[in-house]
Amino acid sequence: MSAAVHEARAARPSRATPMRSLTGTGGLIRLILRRDRFLLPSWVIVLALIPINFVAATDSLYPTAAERLAYGRTTGNNPTFLALYGPLYDTSLGAIIAQRSGFIPVVVALISVLTVVRHTRTEEEAGRRELLGATVTGRGAGLAAALAVTMAANLILAALLTAGLVAQGLPFAGSLAFGLQLAAAGCVFAAVAGVTAQLSEGAGAARGTAITALGAAFVVRMAADVGGAGNELSWLGWLSPLGWENRLRAYGGERWWTLLPVVALTALLVAAAGLLSARRDVGAGVLPPRLGPADAPRLLSGSLGLGWRLQSRALYGWLAGFAALGVVYGAVAGGVGDMVKDNPDLAKIFTRLGGQGGITDAYFASIMSMLGLIAAAYAVSATLRLRTEESAQRAEPLLATPVGRLRWASGHLVFALLGPVAGLGVAGLAAGLAHGLDTGDPGREVPRVLLAALAQLPAVWLVAAIALALFGLAPRLTGGAWAAVGVFAVVTLFGAGLDLNQWALDVSPFTHVPKLPGHAFTPVPLLWLLAVAAVLSALGLLGLRRRDLATA
C-alpha cells in the first residue's frame, strides 16, 4: 500500500464515538450538592414543616366536623381565600390544610427557578461554565445537573411532607397528592427556568422571564378560582400549571390523571431546554442582544446611566407585576369580612397578623406585608447586580477609569432604593383604586391603602442593606441575602398561623412595620429600621472601598 494511501487514511476524521452531551453530569451534581449543602436542605425542610405544623393549629381552630363544615360554607368558599389559596374540595382536616397552604406551591416554584438559574446561566455569566467545559464535560451536563438536583429536591420535599402528614394522622392518599402538588409546581417551573436560561445572555433576564411566567400562571389561576366552582372563568385553570396541581384535589377525591399534563409539560420544557442549549454558544443566548445606537444620549452617561441601562428592563417587569397584584388584591378585599364572621378564632389570627382595626383593614395590612416581601426580593436582586458585574469582571475595567467604587455602586443602589418605592406605590394605587371602586369611595380608600404600601419601605430597605453589607464585607456569602428573604417570608406569611411566639415573629423586619390601615401610625419602629439599614449600608460601602475585587 502506497504512502499516499496511508496519509489519506490518517487525514480522515476519527470514527471514535464523540463525547456524549451528558458526560460529567454526575460530577456536576456532586458539585451542586456540595455548594448547596446548607441551602438546599434548609428550604426543603422548612417548606415541608410549614403544612405539617398547620395540622395542630387548624385542628384546634376547627375541632369538630360541624365547625369544619361551617368553615367550608363561609371561609373555604370565600372569594378572597379562593383567589389567594385555591379551591376547597372537602371539609376534612386535610383538605383545609391543603387549601391554607395554597400559596406554598408558588414559593416552591420560585425557589426552583432561582436554583436552576443560579447553577446554569449565572455560572456561564461568571465564566465558570467555560472552565468546566474545558474538562471532560458534555455541553448539556450543566443544565442536566441543575435540573436533576432541583427536581430531586422537590420530590424529597413531597416525600417528607407526605410522611409528616401521615404521622399526624391524615390519610396517605391525600397526603401523597398534597406532596405531589408542591413537587409538580417546583418541577414545572424548574423546567421553565431551564428554558429561559438558554434565551438570554444575562442571569437577571433569565430569572425575570421565568418569574414573569410564574406570576402570569398565578394570576390565571386566581382568575379561574376566585368565583368558586360556578365561576364562568374556571376553564382558565387548565391554562396554568398552578391550576393543574390544584385540580389534583388532595383529600377531596384525588384525580391522579391531572399529573399527566404536568409530566408532559415538564418533559417538553426539559427537551426544549436541552435542544436550545445544544444550538447556542457557551456564554451566548439564543436571542441575540439588541444592538444599541452608535451614540448614547447624555442621559445614559455616567454610572447612573449605566445602572439604568442594566436595570431598567427588570424594573419594568417588576412594576407590571406589582400593578397586577395590586388590582387582584384590591378587587377581592370586599369579601374578606364574610371570611371570618362565623369564626372568632380565625378573626383573632387575622387581627394578630394585620393589626387591631377592622378585618378588611387587617387583610390589607397582611397583603401589604406580602407585597413588601416581593419588593424586598426586587431590592436584593438590584443590589446584587453589583456582585454579578464584579464576578463577570466587567467592574474592573470600569473602575480603572476615573469612576470610583462608590460612584459605580451608586448607579445600581439607586434602583434598590427607589425601585421599591415605585413598585409599592404602583401596587398601593392599584389596590386602593380597585377596592375604592368596589366600595364606591375611591377618594377615601386610595390614600389609606397607598400609605399602607409605602410603610413597608423601611423594612424593604433593611433587607437591601443586608445584601449590600454582605457584598461589601463578604462577597462570597451574598447568597445569604436570599436566605434572609426566605426566613422573613416564612415568619411573615406563616408565623401567625403557626402561633409562633412574639420573639420569633420579631425576627422579620416586616413585623415592626405599623399595621396600616386600621392601626395608629407610630414612626419610632420605622426610624429604628432606617437606622439599622443605614448602619449596614455604611458597613457594606466601607467594606467595598477597602477590599480587593473578587472574581468568583
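For the structure, check the block above.
As the structure is a computational prediction, the values presented were derived from the model and not from experiment. (Residues numbered from 1 in each chain as written. Predicted model: local features only at pLDDT ≥ 70, side-chain atom pairs only at ≥ 80, totals over all residues. Heavy atoms only, no water.)

1. Let's talk about the packing of helix α7 (residues 104–118) against helix α12 (residues 203–225)
Logical step 1: The contact between α7 and α12 brings their axes to 10 Å, and the two run at 160°. Taken together, the axis directions place α7 and α12 in an arrangement best described as roughly antiparallel. Crossing of α7 over α12 shows right-handed handedness. In contact with V106, A109, L110, V113, L114 and V117 of α7, α12 contributes A203, A206, R207, A210, I211, L214 and F218.
Logical step 2: Considered class by class, the residues forming the contact of α7 with α12 number 12 nonpolar, no polar and 1 charged. (Axes fitted to C-alpha atoms, helices over the stretch in contact; angles between N-to-C directions. Helix = DSSP H or I, 4+ residues; strand = E, 2+ residues; numbered from the N terminus. Parallel < 35°, antiparallel > 145°, perpendicular 65-115°, else oblique. Left-handed = near helix turned anticlockwise from the far one by under 90°. Contact = heavy atoms within 4.5 Å. Nonpolar A, V, L, I, M, F, W, Y, C, P; charged D, E, K, R; others polar.)

2. Here we look at the nonpolar core
Logical step 1: With 77 residues, the main nonpolar core has F189, Y329 and L371 as its most contacted residues.
Logical step 2: The biggest single contributor to this core is helix α18 (residues 359–383), with 11 residues.
Logical step 3: Apart from the residues lying within four places of it in its own chain, the contact partners of F189 are A109, V113, A213, L214, A217, P241 and L242.
Logical step 4: Counting 40 residues, the second-largest nonpolar core is a separate cluster that includes I32, A146, L170 and L182. (Core = buried A, V, L, I, M, F, W, Y, C linked by side-chain atoms within 4.5 Å. Buried < 20%, exposed > 50% of the residue type's maximum accessible area, 1.4 Å probe, protein only.)

3. Description of the pattern of salt bridges
Logical step 1: With the rule as written, the count across this model stands at 12 salt bridges.
Logical step 2: Across the pair R247 and D225 runs a salt bridge whose closest N-O atoms are separated by 3.6 Å. Placement of the pair is R247 in the loop between α13 (241–246) and α14 (259–278) and D225 in helix α12, with a sequence separation of 22 residues.
Logical step 3: Among the salt bridges present, the one from E389 reaches R394, with a minimum N-O distance of 2.9 Å.
Logical step 4: Judged by its relative accessible area of 6%, E389 is buried.
Logical step 5: R394 sits in the partly exposed class, given a relative accessible area of 37%. (Salt bridge = Lys/Arg side-chain N within 4 Å of Asp/Glu carboxyl O.)

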